[in-house]
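Coordinates in review
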Amino acid sequence: PGEAQEAGVKRAVVMSSINSLGCFGGHKPAVKLPIDDFYPHHPMTPYHMSKHLAEELCRMFSHAHGIVTLCPRPVSVIGPEQYRRWREHRSMWRREWGKAEYWSYVDIRDVCEAVRRSLEVEGVLHECFLLAAPDTFSDTPTAELVAENYPDTPWMVERDAYLAGAQYVSLLDSRHVEEVLGWRP
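Heads up: these notes are all about the structure in this document. Fair warning: this is a prediction, and the values are worked out from it, not measured in the lab.

**Things to note about the overall build of the protein**
- Of regular secondary structure, the protein possesses 8 helices and 5 strands.
- Order of helices (α) and strands (β) in the protein, N terminus to C terminus: α-β-α-β-β-α-α-β-α-β-α-α-α.
- Over its C-alpha atoms the protein spans a radius of gyration of 17 Å, differing by no more than 12% from the 16 Å that the globule rule assigns to 185 residues.
- Dimensions of the protein, computed from the C-alpha atoms along their principal axes, are close to 55 × 35 × 30 Å.
- Residues counted as buried form 45% of the 185 residues belonging to the protein.
- Sequence-distant contacts, at least 24 apart, represent 77% of the contacts inside the protein between residues at least 6 apart.
- For the protein, the exposed area adds up to about 9400 Å²; of that, 55% sits on carbon and sulfur atoms.

Here's what the structure looks like:
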């Protein structure tokens, strides 16, 4: 921190990951849905722990030294060339593979925009936020995916109303990043 202060560093954008929460990758299912930025962390692997601790270090640096830190947490990042390949894969493959990731994704262009906004936003000291598309990459409706894979997971909002919002609605709630950065995928 001393060197950063001497160099005049005022802000750092530290790429984190959805894995900081601990409920991705199939190690332990989510304890609530939808998953948001206030989800209780329970890192289950060394990678999960490394992302969680990096966020905590950023929080500490911000509060101890006044350096603004923002930690974007992207889910599976894809580029435009991958959309075509996804359409070509059979539905069952996407359905099974996606379970451990809650069928979430984010476009690389949206990640870049969130980082750009992180470099410019005023009035924050430390924030961590999910970067996820508002829909899933599955061609199976979200309500069906939840009924089949997460029927007993508690909901923090009214489940039927949330799932009625859009047929392929994401199980990740990115409202916090919209409030902080004005970012929408």
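What follows continues from the structure just given.
**So, the nonpolar core**
- Core analysis: the largest hydrophobic core is formed by 39 residues, its most contacted members being Cys23, Leu33, Ile35, Tyr102, Leu131, Leu172 and Leu181.
- When residues of this core are traced back to their parent elements, those giving at least two are strand S2 (68-74), helix H5 (108-120), strand S5 (126-131), helix H6 (142-149), helix H7 (159-164) and helix H8 (175-181).
- Setting aside chain neighbours within four positions, we find tyrosine 102 in contact with Cys23, Phe24, Lys28, Pro29, Ala30, Leu33, Ile35, Thr136, Tyr150, Leu171 and Leu172.

**Some thoughts on the packing of aromatic side chains**
- The tally for this structure, following the rule as stated, stands at 4 aromatic pairs.
- Residues tryptophan 103 and tyrosine 150 carry aromatic rings whose centres are separated by 6.1 Å and whose planes lie at 75° to one another, so their mutual orientation is edge-to-face. With tryptophan 103 in the loop between helix H4 (91-98) and strand S4 (106-107) and tyrosine 150 in the loop between H6 and H7, this residue pair connects regions lying 47 residues apart in the sequence.
- Taken together, the ring pairs connect Phe24, Tyr102, Trp103 and Tyr150 into an aromatic cluster.

Calculation rules
- Residues numbered from 1 in each chain as written.
- Predicted model: local features only at pLDDT ≥ 70, side-chain atom pairs only at ≥ 80, totals over all residues.
- Heavy atoms only, no water.
- Helix = DSSP H or I, 4+ residues; strand = E, 2+ residues; numbered from the N terminus.
- Rg over C-alpha atoms; globule rule 2.2 N^0.38 Å.
- Buried < 20%, exposed > 50% of the residue type's maximum accessible area, 1.4 Å probe, protein only.
- Contact = heavy atoms within 4.5 Å.
- Areas by Shrake-Rupley, 256 points an atom, 1.4 Å probe, with all protein chains shown as cover.
- Core = buried A, V, L, I, M, F, W, Y, C linked by side-chain atoms within 4.5 Å.
- Phe/Tyr/Trp six-rings, centres within 6.5 Å; stacked < 30°, edge-to-face > 60°.

Geometric descriptors of this kind do not, in isolation, establish any biological role.
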